[in-house]
Amino acid sequence: MSTVNQVPESNSVSQKRSVIISFRRAIPNDRAFLLTLRKTSMEANLKAAGIYLNDHSHMQRIDEFFSDSHIILYQKNTIGLLKLGLFSDKIHVRQFQLLPAYQGLGIGSRILGLVKRKAQEKQLNITLNVLLNNPAKALYLRHDFVVIDSNELEFQMRWHWLE
């Protein structure tokens, strides 16, 4: 398990504990969670784009590049998915999803910060696709991603590492 960030918090006895965001590789037993995650975090955006998927279609997307899948844990709770493709010239964010209850808390920003640091170390750009109506686009823009292209469904975005 790799740690993304630790933030000390005081409890009632003035002791400090760490709030930890961590990752672990996804395993086949995670597929039910990943289906629930995908449906709760993506279905409204997909429908707004005119895309209606059944569970089988969602599972096909989950299984695609499954070996690149990492479960996101927050305070030891399973809260999301980060699926990255590593290429010679870029890191591609294949999927990045958080349960709705964990969105808007800064967790996505922390995780993007980690991915950007890894890209900086490897001197790689980061690319991703985001549905046209997905509010996550604002998160990516705040993190200096730029729209490089679009089609009828999604924006293609890129973050460029700085030398």
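It should be emphasised that the depicted structure is a prediction, and the values quoted were computed from it without experimental measurement.

(A) Local environment of the overall build of the protein. Per the secondary structure count, the protein includes four helices and eight strands. Listing the helices and strands of the protein from first to last along the sequence gives β-β-α-α-β-β-β-α-β-α-β-β. When each of the 163 residues of the protein is scored for burial, the buried share is 40%. Relative to all contacts within the protein whose residues are 6 or more apart in sequence, the contacts with residues 24 or more apart total 56%. As displayed, the protein offers around 9400 Å² of accessible surface, 50% of which is attributable to carbon and sulfur atoms.

(B) Expanded view of the confidence of the model for the protein. Mean pLDDT over the protein stands at 89; residues scoring 70 or higher make up 88%. This model gives residues 1-18 a pLDDT under 50, and the stretch forms 36 contacts once residues within four places in sequence are excluded.

(C) Just the pairing of strand E3 (residues 69-74), in detail. Counting buried positions over the six residues of E3 gives five, a clear majority of the element. In the sheet, E3 pairs with strand E4 (residues 77-86) via six bridges, with the strands oriented antiparallel. Bridge pairing in E4 links Leu-73 to Thr-78. Count of turn residues in the E3/E4 antiparallel hairpin: two residues, of which Gln-75 carries a positive phi of about 50°.

(D) Layout of the packing of aromatic side chains. Under the criterion given, the structure shown has two aromatic pairs. Note that Lys-90 overlies the ring of Phe-87, its terminal NZ or CZ placed 5.6 Å from the centroid. In this structure, Lys-137 packs its charged tip against the face of Phe-155, placed 4.1 Å from the ring centre.

(E) Quick peek at the layout of surface pockets. The computed volume of the largest pocket comes to approximately 910 Å³. Around the largest pocket, the lining comprises 39 residues; the ones closest to its centre are Met-42, Phe-96, Asn-134, Ala-136 and Tyr-140. At the level of secondary structure, the elements contributing two or more residues to the lining of the largest pocket comprise helix H1 (31-48), strand E5 (90-98), helix H3 (107-122), strand E6 (125-131) and helix H4 (136-142). In terms of residues, the lining of the largest pocket owes the most to one element, H1, which gives eight residues. In terms of residue class, the lining of the largest pocket is built from 20 nonpolar, 13 polar and six charged. Looking at the second largest pocket, its volume works out to about 380 Å³. Where the lining of the second largest pocket is concerned, the elements lending two or more residues are strand E2 (16-25), E4 and H3. Per element, the largest residue contribution to the lining of the second largest pocket is six residues, and it comes from H3.

(F) Examining the side chain of Thr-127 more closely. Along the chain, the position of Thr-127 falls in strand E6. A distance of 2.7 Å separates polar atoms of two side chains, one belonging to Thr-127 and the other to His-92. For Thr-127, the residues in contact, after removing those within four places along its chain, are Lys-90, Ile-91, His-92, Val-93, Met-157 and Arg-158.

(G) Spotlight on the pairing of E4. Of the pairings in the sheet, the one linking E4 to E5 comprises seven bridges and is antiparallel in character. Residue pairing across strands places Leu-84 opposite Val-93, the latter belonging to E5. Joining the antiparallel neighbours E4 and E5 is a turn of three residues.

(H) The nonpolar core, seen in detail. In terms of nonpolar packing, the biggest core is built from 26 residues, with Ile-72, Leu-82, Phe-96, Ile-111, Ile-126, Tyr-140 and Phe-145 touching the most fellow members. Residue assignment for this core shows that the elements contributing at least two residues are E2, E3, E4, E5, H3, E6, H4 and strand E8 (154-159). Ranked by residues supplied to this core, first place goes to H3 with five residues. In this structure, Leu-34, Leu-37, Leu-73 and Leu-99 belong to the second largest nonpolar core, which totals 12 residues.

Scoring rules and cut-offs
- Residues numbered from 1 in each chain as written.
- Predicted model: local features only at pLDDT ≥ 70, side-chain atom pairs only at ≥ 80, totals over all residues.
- Heavy atoms only, no water.
- Helix = DSSP H or I, 4+ residues; strand = E, 2+ residues; numbered from the N terminus.
- Buried < 20%, exposed > 50% of the residue type's maximum accessible area, 1.4 Å probe, protein only.
- Contact = heavy atoms within 4.5 Å.
- Areas by Shrake-Rupley, 256 points an atom, 1.4 Å probe, with all protein chains shown as cover.
- pLDDT = per-residue confidence, 0-100.
- Pairing = 2+ DSSP bridges.
- Phe/Tyr/Trp six-rings, centres within 6.5 Å; stacked < 30°, edge-to-face > 60°.
- Lys NZ or Arg CZ within 6 Å of the ring centre and 35° of its normal.
- 1 Å grid on protein atoms, 1.4 Å probe; cavity = no way out; pocket = protein on both sides within 12 Å on 5 of 7 lines; lining within 4 Å.
- Points joined across faces, edges and corners; volume = space filled by probe spheres on them.
- Nonpolar A, V, L, I, M, F, W, Y, C, P; charged D, E, K, R; others polar.
- Polar contact = N/O pair within 3.5 Å; in protein donor to acceptor, adjacent residues only side chain to side chain.
- Core = buried A, V, L, I, M, F, W, Y, C linked by side-chain atoms within 4.5 Å.

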